[in-house]
Amino acid sequence: MTSERTRLRMVERLRGQGIRDAAVLAAMAEVPRHIFVDEALASRAYEDIALPLGFGQTISSPHTVARMSELARNGRALDKVLEIGTGCGYQTAVLARLARQVYSMERIAALVRKVRRNLREAGVANVHLRHGDGHVGMPEVAPFDAIVMTAAAARAPEALLGQLGAGGRMVLPVAGRNGQHLHVIELTAKGLVERRMDPVVFVPLLPGVG
Ligand code: SAH
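Residues numbered from 1 in each chain as written. Predicted model: local features only at pLDDT ≥ 70, side-chain atom pairs only at ≥ 80, totals over all residues. Heavy atoms only, no water.

## Let's talk about a positive patch on the surface
A cluster of like positive charges, contributed by R113, R116, R117 and R120, occupies part of the molecular surface. Mapped onto the elements, R116 comes out in helix α6 (residues 109-121). (Patch = residues over 30% accessible without salt bridge, like charges linked within 9 Å, V, L, I, M, F, W, Y side chains within 5 Å. Areas by Shrake-Rupley, 256 points an atom, 1.4 Å probe, with all protein chains shown as cover. Salt bridge = Lys/Arg side-chain N within 4 Å of Asp/Glu carboxyl O. Lys, Arg positive; Asp, Glu negative; His and termini not counted. Charge placed at Lys NZ, Arg CZ, Asp CG, Glu CD. Helix = DSSP H or I, 4+ residues; strand = E, 2+ residues; numbered from the N terminus.)

What follows is the structure in structure tokens.
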């Protein structure tokens, strides 16, 4: 149930759900999702459901991870990517297969320690984890080709938008009056262009560190 065959079935399901980006599908066929899920839940790791990760937080479903990765990538090879809300590190590991370097920020210190172990076990070496408040991002590493935020906010934090490179994209869940939706914000030649996409459910982006 944690085998490659189970993972390939998950990928077939994602294809059926409309995920088209071959690089994203290949990444998800390779990253062992069960490593990032608590042992007690490992048998359900490849089902298309969100799972509890402890600390009141949730691990995004495979479809949500695929969709955010596809929107962030937009068919491009990615150099530097910033992730806000490392959580269990699964989305991080998928992004690490799509980008040269991934920088990921998490406000709960215990999760950062756990993810460091998980990434080592999964053989992922191009990820830089930082314990800190994602609202500020990593100005010293910017600009980023893509920023993926996996916690919901009323709007994209201003500091993060300032860290997008030309043609770069930020993907995030935005909480509005009609619930949450994924938004894509692209830095075009004419400035930032924001589009609302699929309805989603994420835990909120919280202030400060935990
Ligand atoms: N992609 C992750 C999602 C985890 S849930 C996964 O699939 O596992 C959202 C995560 O965002 C939680 O781990 C939470 O602690 C973190 N978070 C919330 N507010 C934050 C902030 N201001 N800065 C950094 N991380 C934050």
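## A few points about the packing of aromatic side chains
Throughout the structure, instances matching the rule amount to two aromatic pairs. Between Y103 and F144 the ring centres are 6.0 Å apart and the planes differ by 65°, which places this aromatic pair in the edge-to-face class. Linking Y103 in strand β4 (residues 99-106) with F144 in strand β6 (residues 144-149), this pair joins segments that are 41 residues apart in sequence. By the burial criterion, Y103 is buried, and F144 matches it. The cationic tip of R33 hangs over the ring face of Y90; the distance from NZ or CZ to the ring centre is 4.8 Å. (Phe/Tyr/Trp six-rings, centres within 6.5 Å; stacked < 30°, edge-to-face > 60°. Buried < 20%, exposed > 50% of the residue type's maximum accessible area, 1.4 Å probe, protein only. Lys NZ or Arg CZ within 6 Å of the ring centre and 35° of its normal.)

## What to know about helix α4 (residues 62-73)
An ideal rise of 1.5 Å per residue puts 16 Å on twelve residues; α4 measures up with 16 Å between its terminal C-alpha atoms. In terms of residue burial, α4 counts as a mostly covered element, since eleven of its twelve residues are buried. Of the residues trailing α4, N74 is marked for its positive phi of about 50°. (Expected span 1.5 Å × (residues − 1).)

## Describing the site of the ligand
Near the ligand there are 25 residues, and of these S60, E106, D133, G134 and L206 occur at the shortest range. A distance of 3.3 Å is found between a nitrogen atom of the ligand and a backbone nitrogen or oxygen belonging to R107. Contact with the protein chains covers 99% of the free accessible surface of the ligand, which is 580 Å². Within the residue set of the shell around the ligand, elements represented by two or more residues are β2 (57-59) and β4. A total of three residues in the shell around the ligand trace back to one element, the largest contributor, which is β2. (Near = heavy atom within 4 Å. Polar contact = N/O pair within 3.5 Å; in protein donor to acceptor, adjacent residues only side chain to side chain.)

## Remarks on the nonpolar core
Grouped together as the largest cluster of nonpolar side chains are 51 residues, with contacts concentrated most on M28, F36, Y90, V94, L119 and L182. Excluding residues that lie within four positions of it along the chain, V94 makes contacts with A27, M28, V31, V65 and S69. Among the nonpolar cores identified, the runner-up in size contains 20 residues, and I84, M105, I147 and A151 belong to it. (Core = buried A, V, L, I, M, F, W, Y, C linked by side-chain atoms within 4.5 Å. Contact = heavy atoms within 4.5 Å.)

## Brief notes about the environment of R113
Examined against the element boundaries, R113 turns out to sit in helix α6. As for R113 and L129, which are separated by 16 residues in sequence, their C-alpha atoms are 9.2 Å apart.

## A word on the pattern of salt bridges
Counting across every chain of the model gives ten salt bridges. K114 is the salt-bridge partner of D38, the closest N and O atoms lying 3.1 Å from each other. Of this pair, D38 sits in the loop between α3 (33-36) and β1 (51-54) while K114 sits in helix α6, and the two are 76 residues apart along the sequence. We classify D38 as partly exposed; its relative accessible area is 34%. Using a relative accessible area of 24% as the deciding quantity, one classes K114 as partly exposed. Residues joined in a network through salt bridges with shared partners are R67, E70 and D198.

## Observations concerning the pairing of strand β9 (residues 191-200)
Note: strand β8 (residues 179-188) against β9, eight bridges, orientation antiparallel. Note that in β9 the partner of Q180 across the bridge is V200. In this structure, the hairpin formed by β8 and β9 is closed by a connection of two residues. (Pairing = 2+ DSSP bridges.)

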